[in-house]
Amino acid sequence: MPTDRLAGVDPILATKVRRILVAMDALGFPMMATDGVRTTEQQQAIYALGRTLPGRIVTQLDGATKKSQHQLGRAVDCTFLGPDGTPRWINTDPWPLYGAMAKALGLRWGGDLKHPDRPHLELPPE
């Protein structure tokens, strides 16, 4: 990873995410973390997608009245890498396996949310 996307993330979450990434790679499904801690401004920019900016809606959390777990360092998004090593978000990748690994480590998987977000992992509520 060119930059450490896990910098600032809760150390327990970061350790579990690294374990998942290593395991997925060993199974032949390389992945990378794409998002860790977000500022309020970053969260608001993502919230604007599909609303006031072009694109599709990717979050229901505006970063101000509804904070994201990313803003608290309690969430990470990961994705699979294509054969050329670039990130991709395609349905044929083994998202359920990724989710099962996360849940086996006690994490919440975004694929189970009301608005599914398969790349998303977070620590359960305290």
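My aim in this report is to walk through the structure given alongside it, one point at a time.

Reading guide: rules and limits
- Residues numbered from 1 in each chain as written.
- Predicted model: local features only at pLDDT ≥ 70, side-chain atom pairs only at ≥ 80, totals over all residues.
- Heavy atoms only, no water.
- Helix = DSSP H or I, 4+ residues; strand = E, 2+ residues; numbered from the N terminus.
- Rg over C-alpha atoms; globule rule 2.2 N^0.38 Å.
- Buried < 20%, exposed > 50% of the residue type's maximum accessible area, 1.4 Å probe, protein only.
- Contact = heavy atoms within 4.5 Å.
- Lys, Arg positive; Asp, Glu negative; His and termini not counted.
- Charge placed at Lys NZ, Arg CZ, Asp CG, Glu CD.
- Phe/Tyr/Trp six-rings, centres within 6.5 Å; stacked < 30°, edge-to-face > 60°.
- Lys NZ or Arg CZ within 6 Å of the ring centre and 35° of its normal.

To continue, consider the overall build of the protein chain. The number of helices and strands found in the protein chain is three helices and five strands. Ordered by position from the N terminus, the helices and strands of the protein chain form the series α-β-α-β-β-α-β-β. Rg of the C-alpha trace for the protein chain: 14 Å, near the compact-globule value of 14 Å for 126 residues, within the 12% margin. When its C-alpha atoms are laid out on the principal axes, the protein chain stretches across 40 × 35 × 30 Å. Among the 126 residues that make up the protein chain, the fraction classed as buried is 38%. Look at the contacts in the protein chain between residues 6 or more apart in sequence, and 56% of them connect residues 24 or more apart. Charged side chains in the protein chain number 15 positive and 13 negative. The centres of these two groups are separated by 4 Å.

Taken as a whole and judged by the stated rule, the model has three aromatic pairs. Aromatic pair Phe80 and Trp95: ring centres 4.8 Å apart, planes at 85 degrees, arrangement edge-to-face. In this pair, Phe80 is assigned in strand E2 (residues 75-81) and Trp95 in helix H3 (residues 95-104), connecting sequence segments 15 residues apart. A relative accessible area of 2% places Trp95 in the buried class. Measuring from ring centre to ring centre gives 6.4 Å for Phe80 and Tyr98, while their planes differ by 70 degrees; the resulting arrangement is edge-to-face. In this pair, Phe80 is assigned in strand E2 and Tyr98 in helix H3, connecting sequence segments 18 residues apart. In textbook terms, an aromatic cluster arises when at least three aromatic residues are bridged by ring pairs, as seen for Phe80, Trp95 and Tyr98. One cation-aromatic arrangement involves Arg51 over Tyr47; the distance from NZ or CZ to the ring centre is 3.8 Å.

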